[in-house]
Structures are given as C-alpha cells and as structure tokens.
Amino acid sequence: MPNSALWAVDLFGKVHTLSTAGQYWEPCKDSQLEFKRVSAATQCCWGIACDNQVYVYVCASDVPIRRREEAYENQRWNPVGGFCEKLLPSDRWQWSDVSGLQHRPLDGVALPSPHWVWESDWYVDENFGGEPTEKGGWTYAIDFPATYTRDKKWNSCVRRRRWIRYRRYESRDAWAKIPSKDDPEQLPDPFNDLSVGGWEITDEPVGRLSVWAVSLQGKVWYREDVSHPNPEGSSWSLMDTPGEAVQISCGPHDLLWVTLWEGQALVREGINRNNPKGSSWSIVEPPTSENGIMHVSVGVSVVWAITKDRKVWFRRGINSHNPCGTSWIEMVGEMTMVNVGLNDQVWGIGCEDRAIYFRQGVTQSELSGKTWKAIVASRECDRSHSGSSSSLLSAGCFFGDEVRGSGESCAPSDTDASSEAERPGPDRPGPAESGDSPGKPRDSLAPGSGTGRATEPGEEEAAGPAIQTPGLEPCPGPASTLAELPWTNIDLKEPRRAPGRSAAGFPETTGLSSLGLLPLGLEEPYGADDHPLWAWVSGGDCAVEAHTVLKWFTVQSGLSPSMQTLSLSITPAQTAAWRKQIFQQLTERTKRELENFRHYEQAVEQSVWVKTGALQWWCDWKPHKWVDVRVALEQFTGLDGARDSILFIYYVVHEEKKYIHVFLNEVTVLVPVLNETKHSFALYTPERTRQRWPVRLAAATEQDMNDWLALLNLSCCESRRVHGRPSPQAIWSITCKGDIFVSEPSPNLEAPEHVLPCDQMFWRQMGGHLRVVEANGQGVVWGIGYDHTAWVYTGGGSCFQGLASSTSNIYTQSDVKCVYIYENQRWNPVTGYSSRGLPTDRYMWSDASGLQERTKASTKPPSLQWSWVSDWAVDFSVPGGTDQEGWQYASDFPASYHGYKTMKDFVRRRCWARKCKLVTSGPWLEVGPLALADVSIIPESPGANRSGHSIALWAISDKGDVLCRLGVSELNPAGSSWLHVGTDQPFTSVSIGACHQVWAVARDGSAFYRGSVSPAQPAGDCWYHIPSPPKQRLKQVSVGQTSVYALDENGNLWYRQGVTPSYPQGSSWEHVSNNVRQVSVGPLDQVWVIANKVQGSHSLSRGTVCHRTGVQPREPKGQGWDYGIGGGWDHISVRANATRALRGRSQERAAECSGERGLPGAPSGVAGVPQEAPSLVRC
C-alpha cells in the first residue's frame, strides 16, 4: 500500500499529518487557518475551520483533476440555405446539452469556483465512436433526437457537433473554501461537525464520496455530487431527522450514525449505490440510561461510541444487513473522542492527557482489538526543542535542575531504551485491574492537579518507576525503562446498568502531583512543554494492515545514556575498519590452511542426496484422478562439482508397483496450478509441453508444496547453472494465477536459421504476484498487480516461502482481486423473471460462460493462498451497462447483453463480485501513489549508445489518464515523478518503441500516435487519431524497433503497414492471425503472443506462449508460429531481449523454405503470405 497519513488537530487548531512511514507529525502547508474538526479520505480531507466555514484539502498528485465541459451545437437543414442555425419552434436549443433539454451557450458555461481554471478554449470534437468525422465534427440524423452517424445521407435533416473545453482544479495541497450558492435562508447557522465516507458504496473509478454535516441548530446536511473529478461537490441538501443532531459519522460503505442531543443515536438505513443518502432512520438506545451517547464513529462493520461519562463502547453485530447492531460492550479506557479509519482501525484521544492512542490487535476476526497504545511521535517543530534537552546527555552530562524521584536509578544502564520500547507489554507483569470499576487509560494528570491513583501492593515494583523529571531523559530502572511503552490487557466488558465510581473516589497520592503521573502506566516521552495536546483525529486516509511496520510507538528523542556514551568512543568508521581487518586476516588464514592439502586426492568422488515424501499425482491414464504416490528426489554431485537430479514417482496400479522418472535438467518449468481445493503444481518438459500434458503433483499442505517447489526449483537451477538475479535481457511472463516467471534468452532464439524451439526454454519462478510485467534491456522492470498497484523490480533473485535461494531485496507484497459469479434468470408469463429456467438453460448461478455452476456458498477464492476480504456485492461496472439493480438483459443465453429491458428480452443476468487478498513476498517495491492499468518501457535498440538520458516510461492510470514517468534510470528504476499527458478521452493501453514512437489505444477502441516524442521532449506535443480496423475495437498495442502490432477485442492480431520515418502513423492495418490473447514486440521486432487455445497431442491448453518465426526486415509479419510453454499463461514481455545471433549465409534461403505453422483457427493464406514491407525506420 502507498504511504498514507493520519490527520489530527491540536488544541491550537493546527492541522498535522503523521505518515505511516514516518515518525514525526508534520504541519499542513496552509498554516493560517485554525480548525475545529477534520475528516480524512483517500487523497483529500474535509474540515470545519474556526470561522465555521467548510474547507477541503486535496492532496497534490502528478495527475491533475480535469473536468470536461460539453456543449452541442444543433442545426437543421432547409431548402434555401442548407444547414443553418434556424430551428423549428419544437426543436431543441441551438446550443444545448447532450439531451437538448437545457440551454447551454458557450459563453454561459462558467467555472464553479475560483479554485478552477480553464486549460484551453472551446474546440470541436472530431472523434465519433472511435472514428474520425468529416471536417467540422458534424454528425447527422433524421430528426431530434435520433441515432447520429458520421456520414451525411440523403435524409439527414438535422446535424450536431460537440464542443469541448477542459477545466482543471488548481487548489492542491491547500485548504480550499467550499463555495455556497444556496439560499441564505436555508443555511442560517454554521456547521458543527462533518464526516466523509461512502467511497466503497460502489466500485466505480470515479471516486464518489459522501460528505455529511451537522449544523449548530441540529440539522443534518448532505453534500451533492462529491467525487474525484469534482472534489468540491455542487450543493447542500437538507435531510429530515427525528431529533436534533450534535455529531455525525459516515463509514466507507453504507454505515451512517448520528448522535442526538438526548443521548440516543440515529442509524441511516437504505444507503446503496443508487441512493447514497439513504431512505429512513432508526433509533439506537445508549448503553446506559444515566449517560447518553456523546460521540460515535463508524467503519465498515464496526461502531465505537463515547458516552457522557467518557467511557468507550463497542457495538456488536454490525453488518450491512443490520446497521443497528445488537448490543454494547464496554471497553477499558476514557476518551474524549474515537475515530474509525481504514480497515476498521481505531484511534482515540485521552480525556486527560490529550494524547492520541491507537487500538492494537484490530483484525477481521477480532474487530474490538486488544489494547490501547499511545502514539509517542513528536511534532516536526518539537525536534529543535528536544535537541537542546538531549544535548547534555549526548555530551555525557547527567545533571539537571529538576529533582529526581527516589525510585529512579541514576547509574547508566547497558539496556538500550529503543529496544526496550519495542518489547511487548504482556511479557512483563502489569498492574491489576479491578473488576468492579471500569478500567480506563490512566491518563497523565496535569502538573499541579493533586490527584492520582491508588497503587496495588507490589505494583510499583512490577510496573517500574512512574516518575519522570520534565525536560530530562530518564534512566532505566531494574524491571522496566522509562522509554518503554507497555501494553494493557484485553479490555472487553459487558455493559453495566449501575453507575460506576467516579475518578474522584480514588485516594489522593501526595508528593507526585508536581511531577505528573501518566496513563496506562506509560512514561512521558516529552517534557511538560513539549507534549502535544490533541483535539481531533481522523484515520480515513490511514491504511494500517497486519504487516505494516509503524514507527509511532518508539521514542526517537534519544538513546539510553549508556548507548550514547558508547557511541562517543567507537565511531561507525572505526567499526567498519576493524571488521575489514578481521575479515582479511581470516581469509588469509583459510588460504594458508587449504594450501597444505592440495596434493591429497579427493576422498569421495561423488555424493548422493535423497529426499522422499508423500504426494498425490494426476495419473496419465483414464479415468484421470488423483492417486497417492511416493516421490524421491535423488541428487548427484560429480567430480567437477556439477549437480544433477532425478525425480522418481512411485505408484501402484493393479497391485503392481511402478514408477516414472524425470531428469531435472530436462525440466523447463515448475509452476503452481490454480486449484480451489488442492496445493498442486505442474512439472513441464519439452515433450510434455508438446503434449500439453504436464506432470501434476499435489501436496497435503501449503508448506509442503512450497518446500517441494523450492527444492525442485533450486535443483533445476543448479543443473542448468542458473543463479542470482535475471540478466537485463531476460524474458518475463505471468501466469493466470499471477505467478512471475523469467527465462534467459539464447542467442539462437531469434536466429534466422537453426532457431531454438521455444518449448525448450527454461523458466524459473520469481517471487511476488502481478498481472502485468514490462522490462527493457537496461534492467528496469515494472509490474502491475490485480489491484492496479505499480511495483518496481529491486534486483532480488528467486524466492520461495519454503526455501529461499536469494533473500536479498525481498519485501512483503500484497494483491487484491475480485471473483465474479453470475445470477441468471428467465422470464415466464406467470411470475415474470425467476430462477426457474428451461432444462437446456445454463445454471441459474454460474460463471461468465454459464458452463460451470457457481453459487455464493460454493464459490471459493482462486486458491488456498487467498482469503476473502469483503462480502458479495452487485457489480455495476460490467461491459454493456446495467439497470439500477445491476441486471443485464438479452433475448436468450448466450447473447449480447444490454442494461435496459425491451420487449424481446426473455433472460437477464446479474454479476456479483467479492474481493479476496493475497499476501506474499518478492523482489518488488511499491511505486505510489497512482494506480496503473498499463505500463510500457522503451526497449533498448541493438547497438544504441546510452547517452545518459533517462529511460522513457509511459503508463495508463486506472482512470484512463496517460502518464510519462520522469527520472527513470538504471540506478533509479522507480523514477522520480509523473508527467500528465492530456487526452480527450480515457485510454486503456500504451506502448513506446525503440525510436520513441508512442502508440496508444483509447477506451472506444481507436488508436492514437503521439507526435514529437524525444529525450528532450519526453511528453511529445499532440495526438494523431488512427482509425481502428473495420468493425473492430482495439484493446492493446505493442511497438518494437520498426513494427507496430495491435490486438482487438475479438482476438485478432493486426500489423500496421506503411510506417516510415516521414509518415510514422502508417497507412493501413493488415490482419496477421486470430486466437491471440496478448502480444509483445521486442527491440528486434520479434513478436511473441499468448495464444488463447493450442491443441497438443494429449490435451488442449488455454493461454500458451507462442513465438512468431520468420520475422525479417523483408518479412516483418513473419511466417509461422512456434509453440512454447502453456497453458495458463496470461502475459509475456520480450521487450528486454535484444540478443541477436550472427547472420548466416543461407538466411534468405532458410526464410523462404521455412514451413507455415498457423495458430488454430487462423485463416489460410493470411498469416503466412509474404507481403511487401515498408522501408526500415532508422533512429
């Protein structure tokens, strides 16, 4: 996940943020305003300032916020003057919106607020449905309204054209005041509280938000049309409530709770995608009748509340079907407010010390968490003050003006305070809790308060000294250090109806009031003047997961005195020199000792190492089924040190013991298999690749499978002498499971003669999980996950969870994907649409094809490594559109589906989606914060000189924005920043060739060429529209040295003819083959694809790596296909392979005599017929 931030407001109204990767509070850039409340969401934060005005803070990003304004110019034909501006009285406006109902002149379209600026003037859109229109951009129809076409016909009586103008949001990294155009009589009082949420109501990329507010008069307001393209929204809408509201909280999904003045809570019901404002209110009573609810905060499936006696409560039974929950649970602690952030993590502010606490142990299985832990991060401005107080300690002086407590030890200790702070509290004895009174964070009392807490016998000895001299670093005691932050016990309590004892009931502790006693047994890490006091906290933009390492809980102000004294005597440079000297001495001694034994013969000529185990094997004969087998891996080590291995599989058939064996030096790939019930993997050899029938094995547990995979991969790499990180020219590929594989290319792979068959390529697995990977010849490798997160390769080698061959540069990686099932219904005259279909119909709950039954209860994650992270929800973003309930209609199964019902539609379907998550590790680092859909890196031209320019990298965001990455190099593969490239519509694919020729595919299926791209002008100047092939919509493009290939939605592969240096857009598209899923063109203009279906001698495989053979300058389209590894492959990238073999004399003759091997289903006479090639493009 990208670095996110926790937002907070101190008692002086200043807003600060604390990054999940940082350890200091940073103030907001706009320091002139003072705020009372803030509510954060992803990339933005809303707040109420002390002037009672609402402001929004939009975080800066490399992708600008652009909004397109449209206006249509309408004209009608008359016999006298032809098409003119004179319309009939019943016609629409001359200048209107797309519906023609609203008047929209160009000079009447104004900016909504001062925070927007115009990017350019109005211009005519000459693109219509992916095809260029005639000059002027006019589209024609018979009448208003009707179906418009770009061709003028004899009966075209009306025409219209679209005018476009973009506006850009400028107020980034600054508080922007929300304009109010509403009636002042409806907004007489200022706002008192607000909350932002609702970004998970729908999974659309527009980023819609729900902003709710409460006024001082107790009214609830909703901000309309707030989304990522429109961060300010449009207007406020008043919501009716049964009582006067005082505070409000909105969750990321459909939870909305409101606190009333009477102490009750209101719950909004009926919130969904089509009605984000909900439909009705329900009342929830407070936990106790004596103390009503004062504050409430909601998440995805949790509700936390604060009552008027400052007690903290947790609501049980919260879910989307029951937003009111079932009962209250009291939690130990007293807080002024709590806030639920991302992943249902909880923060709170102590009622006495005003410190921010984080709820430890909150997981999906334990939403209430375990304990409160104080955040001890200091503010950025406090670092200068803390430096002066710690300067005495750093100089070895331990004197001060303050009086120490008698329980403190003044002698320096050898214990490191920083390491002690990380030690968990449950490992140490802590103070006992009384069961009669509710526990609370024993908050620090203000100096001079004169109150404290009673101490149990022996409690001081167990908890350590609790006295700290303000402004001076404490010395560690015998049982604990003053820098230690112990955890409290799990604090779940049932609600009590009897009032609890007040804090005043505790006996007064004398002699300690001036020094201050801390809550939760925490020692104060700040001085009395340095301790930040907080008024509000918001975690809506703070993503904390189980594997997230936070630096918030470790005291950073200074080390223990003993460690500081030690740092003065030994410097890092001295330590490094000492270690280097010891290492040199040991190396020389080893050489001397080995030299004495060189004349001896080797005692053992070869060694045999065997590993056995029990697995399951998918038998080769019918009926195919899993059978229990014994496997043995025998590894031999010869005189030369070379290792070779044989895998034996022992099975029993008809009570007869048999076995098969596989030489691991013949194995081409070991790949995990996508299986919902078994931990299985497949083993390929060249022969079994041609058969499309690998050796499939399954282990009993995931750990066993990882151990065997790691061991077999290590043995295969040792047999082939392949170790370490891949070479810069490596070929990368990804399976449908998301596993990453890499192959070292042979010089004969792209040779004009004696070509190495690609079924003999050896693939080894890399750690991580991706959907797309892209590489270039300088070692820069980028990847994109299923959740559109961008990753960059760190240089690590293969890694497995069972046995790692290289653990350097390995990091934690996570990925999220959706599993889809379809609900199918058929119409009948009696009941209408129902789940009772015809006997020949598909399953009423099925997959997308309808051939496999998939119900909500039986559908599992893709494999056992995945886990569910959400419930089933209707997917409204399916192609073709849906109605308000998510249904798509068609005449029959299967057919073309649309989002509206007609008289001829007798069947309908609805797509359901559920998210699952995978956590793994690999040599990848996240590149945030933008989510990407496609990426392309410039391939290295053979023999090109590296002139020191940065490596060109282009990408498409998940919203369709075109981006250019700056600062990418071999030393900095992640780059520095994004440069946005403006477009008129969203794009889906991009590719940059070796000569900086950039091609892209828009969402409407048309192609575009970017002009004037060069190292000096990395973003180019303008787009040139390229029509798509007739009646086809393109979805991907790949550019090599001179060749341009494109792939349409029907699996057809197209080659762009006529590309020359003077006319780089080319002239026409020429069909090459069908049955293609993905294409990659390399720097040698080599063409590799993922074929959809390939028939082998034993089975049919889907998703097979194929290599285009016979590609030459005179034959750029090639002549045939060579089949490689498969099936189950989804992506391949050969754009890093510039390894060229030496040319032979018989190259031309071999090219002419090479045979034709077409893909299954390819039309005869298309893929292999030689064509006249364009002239070579030279860089």
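Residues numbered from 1 in each chain as written. Predicted model: local features only at pLDDT ≥ 70, side-chain atom pairs only at ≥ 80, totals over all residues. Heavy atoms only, no water.

Filter applied, for reference: UniProt positions are given in the numbering used here, feature names are shortened, and annotations may be inferred rather than shown by experiment.
Per an unreviewed UniProt entry, the protein chain carries the name Tectonin beta-propeller repeat-containing protein 1 and comes from Felis catus. Quoted verbatim from the Subcellular location (unreviewed entry) heading of the UniProt record, the comment on the protein chain is "Cytoplasmic vesicle, Autophagosome membrane". You can read under Sequence similarities (unreviewed entry) in the UniProt record for the protein chain the words "Belongs to the TECPR1 family."

### Comments concerning the pattern of salt bridges
Where we set the bar: Salt bridge, as used here, is a side-chain nitrogen of Lys or Arg placed within 4 Å of a carboxyl oxygen of Asp or Glu. Counting from the N terminus, the helices are DSSP H or I runs at least four residues long and the strands are E runs at least two residues long. Only protein chains enter the accessibility calculation, which uses a 1.4 Å probe. A residue is then buried if its area is under 20% of the maximum for its type, exposed if over 50%, and partly exposed in between.
One pass over the full model with this rule turns up 28 salt bridges. For Arg76, the salt bridge goes to Asp91, with nearest N and O atoms at 2.6 Å. Of the two residues, Arg76 sits in strand E7 (residues 66-78) while Asp91 sits in the loop between strand E8 (82-84) and strand E9 (95-96), which places them 15 residues apart along the sequence. With respect to class, Arg76 is no different from Asp91; both count as buried. Between Arg910 and Glu823 there is a salt bridge whose closest N-O contact spans 3.0 Å. Taken as a pair, Arg910 in strand E54 (residues 907-922) and Glu823 in strand E48 (residues 811-828) lie far apart in primary sequence, 87 residues in all. One exposure class covers both Arg910 and Glu823, and it is buried. Taken together, the shared-partner salt bridges in this structure form one network comprising Arg66, Glu119, Arg168 and Glu170.

### Details of helix H7 (residues 702-720)
Inclusion rule: Helices are assigned an expected span. That span is 1.5 Å times one less than the residue count.
Helix length check: H7, at 19 residues, gives a terminal C-alpha distance of 27 Å against a target of 27 Å (1.5 Å per residue), a fit within 8%. Count one or two residues on from H7 and you reach Arg721, which has phi positive near 55 degrees.

### Examining the packing of aromatic side chains
Our working rule: In summary, the pairing rule links any two rings of Phe, Tyr or Trp, Trp by its six-membered ring, whose centres are within 6.5 Å, and it sorts them by plane angle into stacked for under 30 degrees, edge-to-face for over 60 and tilted for everything else.
Across all of its chains, the model carries 41 aromatic pairs by this definition. With a centroid separation of 5.8 Å and an interplanar angle of 75 degrees, the aromatic rings of Phe35 and Tyr55 are classed as edge-to-face. Taken as a pair, Phe35 in strand E4 (residues 35-41) and Tyr55 in strand E6 (residues 54-58) lie far apart in primary sequence, 20 residues in all. Classification of Tyr55 as buried rests on a relative accessible area of 7%. Pairing Trp116 with Tyr169 gives two aromatic rings, centres 5.2 Å apart and planes at 70 degrees, and the pair type is edge-to-face.

### Brief notes about the confidence of the model for the protein chain
To keep it simple, the criterion reads: Confidence per residue, as judged by the predictor, is encoded in pLDDT with a range of 0 to 100. Whether two residues are in contact is decided by their heavy atoms: any pair within 4.5 Å suffices.
When pLDDT is averaged across the protein chain, the result is 79; 77% of the residues are at 70 or more. The low-confidence segment residues 557-571, where pLDDT is below 50, has 24 contacts with residues more than four positions distant or belonging to other chains. Every residue in residues 801-805 scores below 50 in pLDDT, and together they form twelve contacts with partners more than four places removed in sequence or on other chains.

### What to know about unusual backbone geometry
Going from Phe144 to Pro145, the amide bond is cis rather than trans, its omega being -25 degrees. Counting through the fold element by element, Pro145 comes out in the loop between strand E14 (139-141) and strand E15 (158-169). Along the chain, Gly928 connects to Pro929 via a cis peptide bond; the corresponding omega equals 0 degrees. Among the secondary structure elements, Pro929 is positioned in strand E55 (residues 924-937). If you check the backbone angles, Asp344 has positive phi at about 60 degrees while not being a glycine. Residue position: Asp344 is located in the loop between strand E28 (328-340) and strand E29 (346-350). The residue Glu655 is not glycine, and still its phi comes out positive at about 60 degrees. You can see Glu655 is positioned in the loop between strand E37 (643-653) and strand E38 (656-663).

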